[in-house]
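Structural characterization, general
Single-letter residue listing:
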Amino acid sequence: QVQLVESGGGFMQAGGSLRLSCAASRRTFSRYAMAWFRQAPGKEREFVAGISWSGDYTYYADSVKGRFTISRDNAKNTVYLQMNSLKPEDTAVYYCAAAERVVPSRAPIEYDYWGQGTQVTVSS
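This section reports on the structure supplied with the text. Not measured: the values here are computed from a predicted model.

The subject of this paragraph is the side chain of Ser 52. Assignment of secondary structure puts Ser 52 in the loop between β5 (46-51) and β6 (58-60). Residue classification places Ser 52 among the buried positions, given a relative accessible area of 1%. Among all residues touching Ser 52, those that are not within four sequence positions of it are Ala 33, Tyr 57, Arg 72, Val 102, Val 103 and Pro 104.

Shown next as structure tokens:
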């Protein structure tokens, strides 16, 4: 079992920045690919960014490429999502997810563990 706890969400004006964190409970955190997903009201959960278990490979949705950066610190069992140049369309609940695989998948079904989510609201 892996417990994931997100933090760092909040309210921000367009153009601003937020940094999300996701702390994992398991000491074998480094063996999990990690990802961030988001879900806006009335929409399906969508892939935002993913990172391999080593941190060597990162993947992004086209909608956030160049604005968001995913990173991880395996010594701290934590994955981060730095969000810059925020837009109102980034408003959603953001979820951290872990998968027992080397590289992340863009499909939510491939993930074994999920956090409870953190709300990000961007005003225009």
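It is worth spelling out the state of the cysteines at this point. Following the criterion strictly, the structure yields one disulfide and no others. Here Cys 22 engages in a disulfide with Cys 96; their sulfurs sit 2.1 Å apart. The sign of the S-S torsion, about -75°, decides the handedness of the disulfide formed by Cys 22 and Cys 96: left-handed. Of the two residues, Cys 22 sits in strand β3 (residues 18-24) while Cys 96 sits in strand β9 (residues 92-99), which places them 74 residues apart along the sequence. The exposure class of Cys 22 is buried, given its relative accessible area of 0%. A residue is classified by how much of its surface remains accessible, and Cys 96, at 0% relative accessible area, is buried.

On to the pairing of strand β4 (residues 33-39), then. The buried count for β4 comes to six of seven residues, which makes it a mostly enclosed element. Here seven bridges tie β4 to β9, and the two strands are oriented antiparallel to one another. Within β9, the position partnered with Trp 36 by the bridge is Cys 96. Between β4 and β5, which pair antiparallel in sequence order, lie six residues; one of them, Gly 42, sits at a positive phi of approximately 80°.

This paragraph deals with the packing of aromatic side chains. On inspection of all chains with the given rule, the structure shows six aromatic pairs. Relative to Tyr 111, the ring of Phe 37 lies with its centre 5.2 Å away and its plane at 80°, an arrangement referred to as edge-to-face. Of the two residues, Phe 37 is situated in strand β4 and Tyr 111 in the loop between β9 and β10 (113-114); the sequence distance between them amounts to 74 residues. The exposure class assigned to Phe 37 is buried, which follows from its relative accessible area of 0%. A centroid spacing of 6.5 Å and a plane angle of 80° characterise the contact between Tyr 95 and Trp 114, whose relative ring orientation is edge-to-face. Here the residue Tyr 95 occupies a position in strand β9, and Trp 114 occupies one in strand β10, the gap between them amounting to 19 residues. Three or more aromatic residues link up through ring pairs in this structure, and these residues are Phe 37, Phe 47, Tyr 95, Tyr 111 and Trp 114.

Criteria and cut-off values
Within every chain, residues take consecutive numbers counted from 1 along the sequence as written. Local features in this predicted model are restricted to residues of pLDDT 70 or higher, and side-chain atom pairs are both shown and tallied only at a pLDDT of 80 or more, whereas totals for entire chains, interfaces and linings draw on every residue. Excluding hydrogens and water, the side-chain values take into account all heavy atoms of the structure. Going along the chain from the N terminus, every DSSP run of H or I of four or more residues is numbered as a helix, and every run of E of two or more is numbered as a strand. Each residue is placed in one exposure class: buried if its accessible area under a 1.4 Å probe, protein chains only, is under 20% of its type's maximum, exposed if it is over 50%, and partly exposed if it falls in between. Here, residues are in contact when the closest pair of their heavy atoms is within 4.5 Å. A pair of sulfur atoms, both from cysteines and within 2.5 Å, is called a disulfide here. When DSSP finds two or more bridges between two strands, those strands count as paired. Side-chain rings of Phe, Tyr and Trp (the six-membered ring for Trp) are treated as a pair once their centres are within 6.5 Å; stacked means planes under 30 degrees apart, edge-to-face means over 60, and tilted covers the remaining angles.

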